[in-house]
Amino acid sequence: MTDHGKPSSPQYNPGKGEGSPVGIALLGHGTVGAQVLRLMQEYSDELEHRIGGPLEVKGVAVRNMEKHRDSVPAELLTDDAFGLINRDDVDIVVEVIGGIDYPRELVLAALKAGKSVVTANKALVAAHYQELGDASDESNVDLYFEAAVAAAIPVVGPLRRSLAGDRIKSVMGIVNGTTNFILDGMDSTGADYDEMLAEATRLGYAEADPTADVEGYDAASKAAILASIAFHTPVYASDVHREGITNISPEDIKAARAAGYVIKLLAICERFNNEEGQEVVAARVHPTLVPRSHPLASVSKSFNAIFVEAEAAGRLMFYGNGAGGAPTASAVLGDIVGAARNKVHGGRAPGQSTYANLPIADFGEVYTRYHVDMSVEDRIGVLAEIAKIFTNHGISLRTVRQHQGEDHARLILVTHSAREKDLEDVVEELKQLEAVRGIESVIRLEE
Ligand code: HSE
């Protein structure tokens, strides 16, 4: 140790000193990368004041140089990403490529070479959280990924820093702009799914392959990252229960509207005690009914909103632009400034904290409310038979509504909070009941 109590490791970053330039390698020049480059150039004077030294872009690595000849200065353009990373004058590597395997190699190479990394890549962070955190610790450099969750909305930073002294109970919200844009459009204009998806793609909200958005993979990666930070536990995308919106029909949207609800794709991360009294964490993404009076119901278009509930802080809400080139670039720029300041003045941002390492609950252990819509025979005793099945599984009903069909009845039940495993058993038994013609939908409900 030195006199100042700092580790004497040769890797310790004492800072380059006030006024020193900070070299940036930009990996990727797509929707986000182009905006990052533009903003770094446009705001260069202000950024220099905020950092204490100028940002200098040393190169922009792309796979196909032809595609970018008109938009990137020739002296910066390269297809040799590893060569760019390893240049001595590069201090920070900014990864905005997307995908997992190739960017993982690049980011690990950068961290091992002692470069700080800023990434917007949620799939990468959610798949290799611990490995990337360990690599940044080993080299004593920064790994920032604010833009990986909800683009412009600062939520990673507040969870890592501002709430570092509190105990977080849950993080819940709308973290995918594309699906919110689609569901909101279907609800408010009556447009169909394909029309809304095409528009989301045109506006640059959707991923290159929109499957990641509409099947919930994008939101699951973000949920994994939020849960990992909030609960000091590595949670991977594969640990997140995931359902997308492709099965949501215009009829579901209409039925929800008629009952005073709106359907949103929610990511829900929680810490709770399971039946055995063990503290566990769970993360899930699925279409959810939200009452129209709920603040999340009014989150429209591609906006995102995230609620954090912490023991001491209570409930906090973060709201804003969760997709698109410039909003995502804003978060990337914020991280670049943070990493660059540390390069100039020394020190490091908080790294990955996974000390709690809590067990991940099975999805069946999770508690929520359910909205069960079914077609049933319209005769005496049917409701009693159905109610008995819920009772046998310890599930309490909160509301029961019946609509008259021509030769059948439509029964809509809303439960009190119940365990997923019990509800699944109930649905299986209901399907066997002669009086039940069909289960139209089972949608979870949050209030
Ligand atoms: N495709 C994402 C979304 C944007 O629609 O929210 C960035 O994560």
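Values in this document were obtained by computation on a predicted structure and should not be read as measured data.

A. Geometry of the UniProt feature "binding site: NADP(+)" (unreviewed entry) in the chain. UniProt records the feature "binding site: NADP(+)" (unreviewed entry) at Leu27, Gly28, His29, Gly30, Thr31, Val32, Gly33 and Ala34, using the numbering of this structure. Looking at the element boundaries, Thr31 is found in helix H1 (residues 31-42). Residue contacts for Thr31: discarding those within four places in its chain leaves Gly204 and Gly325. Residue placement: Val32 occurs in helix H1.

B. Geometry of the environment of Ile51. As for its placement among the helices and strands, Ile51 is situated in helix H2 (residues 44-51). For Ile51, a relative accessible area of 1% translates into the label buried. With 31 residues separating them in the primary sequence, Ile51 and Ser20 have C-alpha atoms 9.8 Å apart. Those residues within four positions of Ile51 in sequence are excluded, and the remaining contacts are Val22, Val337, Ala340, Arg341, Val344 and His345.

C. A look at the site of the ligand. Near the ligand you find Lys122, Asn176, Gly177, Thr178, Tyr205, Glu207, Asp213, Asp218, Lys222, Gly322 and Ala323, and these make up its full shell. With respect to the ligand, the side chain of Thr178 contributes an N or O atom lying 2.6 Å from an oxygen atom. At 2.7 Å, a side-chain N or O of Lys222 approaches an oxygen atom of the ligand. Within the complex, 94% of the 260 Å² of free accessible area of the ligand lies under protein. Secondary-structure elements contributing two or more residues to the shell around the ligand are helix H9 (177-189) and helix H12 (217-231). Looking at the shell around the ligand, its residues break down into two nonpolar, four polar and five charged.

D. Inspection of the UniProt feature "active site" (unreviewed entry) in the chain at higher detail. UniProt tags Lys222 as "active site" (unreviewed entry). Checked against the element boundaries, Lys222 lands in helix H12. A distance of 2.6 Å separates a polar atom in the side chain of Lys222 from a polar atom in the side chain of Asp218.

E. Geometry of the pattern of salt bridges. Within this structure, the stated rule accounts for 32 salt bridges. Here Arg50 ties to Glu46 by a salt bridge, and the two come within 3.2 Å at their closest N and O atoms. Of this pair, Arg50 and Glu46 both sit in helix H2, four residues apart, which is roughly one turn of the helix. The salt bridge partner of Asp89 is Arg87, with a shortest N-O separation of 2.8 Å. Under the relative-accessibility criterion, Asp89 is labelled partly exposed at 30%. Taking relative accessible area as the criterion, Arg87 reaches 34% and is therefore assigned partly exposed. Overlapping salt bridges, with partners in common, bring together Glu56, Lys58, Arg87 and Asp89 in one network.

F. Highlighting empty space enclosed by the protein. Taken as a whole, this structure holds three cavities of 30 Å³ or more when the rule is applied. Its boundaries defined by the atoms lining it, the largest cavity holds a volume of some 50 Å³. Mapped by element, the contributors of at least two residues to the lining of the largest cavity are helix H13 (250-258), strand E13 (367-376) and strand E17 (436-445). The biggest single contributor to the lining of the largest cavity is H13, with three residues.

G. A look at the packing of aromatic side chains. Under the defined criterion, the tally for this structure stands at three aromatic pairs. Note that Arg242 overlies the ring of Tyr217, its terminal NZ or CZ placed 3.8 Å from the centroid.

H. Structural context of H12. The end-to-end C-alpha separation of H12 is 21 Å, in line with the 21 Å expected for 15 residues at 1.5 Å each. Counting buried positions over the 15 residues of H12 gives 14, a clear majority of the element. Phi turns positive, to about 50°, at His232, one or two residues after H12.

I. Representation of the confidence of the model for the chain in the model. For the chain, mean pLDDT is 94; residues scoring 70 or higher make up 97% of the total. Contacts of residues 1-10 to residues separated by more than four positions or lying in other chains number six contacts, the stretch itself having pLDDT below 50.

J. Expanded view of the nonpolar core. Core analysis: the largest hydrophobic core is formed by 79 residues, its most contacted members being Phe145, Ile168, Leu226 and Ile306. Residue contributions to this core peak at 10 residues, all from H12. Those residues in contact with Phe145 that lie beyond four places of it in its chain are Thr119, Val125, Tyr129, Val156, Arg160, Ile225, Ile229, Asp335 and Gln352.

K. Geometry of the packing of H2 against helix H14 (residues 325-345). Where H2 meets H14, the axes come as close as 9 Å, and the angle between the chain directions of the two elements is 45°. Taken as axis vectors, H2 and H14 run oblique relative to one another. For the pair H2 and H14, the crossing hand works out as right-handed. Of the residues in H14, those in contact with Leu47, Arg50 and Ile51 of H2 are Leu333, Val337, Ala340, Arg341, Val344 and His345. For the contact of H2 with H14, the per-class residue count stands at six nonpolar, one polar and two charged.

L. Just the side chain of Lys115, in detail. Note on placement: Lys115 falls in the loop between helix H5 (101-112) and strand E5 (116-119). Here Lys115 is buried and forms no salt bridge, its nearest opposite-charge partner Asp88 lying at an N-O distance of 5.5 Å. Looking at Lys115, its side chain comes within polar contact range of the main-chain oxygen of Ile85, at 3.2 Å. When residues no more than four places from it in sequence are discounted, the contact partners of Lys115 are Ile85, Asn86, Arg87, Asp88, Val90, Asp91, Val93, Ala110, Val141 and Lys343.

M. Spotlight on the environment of Val125. Its location among the elements puts Val125 in helix H6 (residues 122-127). For the pair Val125 and Ala224, spaced 99 residues apart in sequence, the C-alpha separation works out to 8.9 Å.

What counts and what doesn't
- Residues numbered from 1 in each chain as written.
- Predicted model: local features only at pLDDT ≥ 70, side-chain atom pairs only at ≥ 80, totals over all residues.
- Heavy atoms only, no water.
- UniProt positions renumbered as here; feature names shortened; annotations may be inferred.
- Helix = DSSP H or I, 4+ residues; strand = E, 2+ residues; numbered from the N terminus.
- Contact = heavy atoms within 4.5 Å.
- Buried < 20%, exposed > 50% of the residue type's maximum accessible area, 1.4 Å probe, protein only.
- Near = heavy atom within 4 Å.
- Polar contact = N/O pair within 3.5 Å; in protein donor to acceptor, adjacent residues only side chain to side chain.
- Areas by Shrake-Rupley, 256 points an atom, 1.4 Å probe, with all protein chains shown as cover.
- Nonpolar A, V, L, I, M, F, W, Y, C, P; charged D, E, K, R; others polar.
- Salt bridge = Lys/Arg side-chain N within 4 Å of Asp/Glu carboxyl O.
- 1 Å grid on protein atoms, 1.4 Å probe; cavity = no way out; pocket = protein on both sides within 12 Å on 5 of 7 lines; lining within 4 Å.
- Points joined across faces, edges and corners; volume = space filled by probe spheres on them.
- Phe/Tyr/Trp six-rings, centres within 6.5 Å; stacked < 30°, edge-to-face > 60°.
- Lys NZ or Arg CZ within 6 Å of the ring centre and 35° of its normal.
- Expected span 1.5 Å × (residues − 1).
- pLDDT = per-residue confidence, 0-100.
- Core = buried A, V, L, I, M, F, W, Y, C linked by side-chain atoms within 4.5 Å.
- Axes fitted to C-alpha atoms, helices over the stretch in contact; angles between N-to-C directions.
- Parallel < 35°, antiparallel > 145°, perpendicular 65-115°, else oblique.
- Left-handed = near helix turned anticlockwise from the far one by under 90°.
- Lys, Arg positive; Asp, Glu negative; His and termini not counted.

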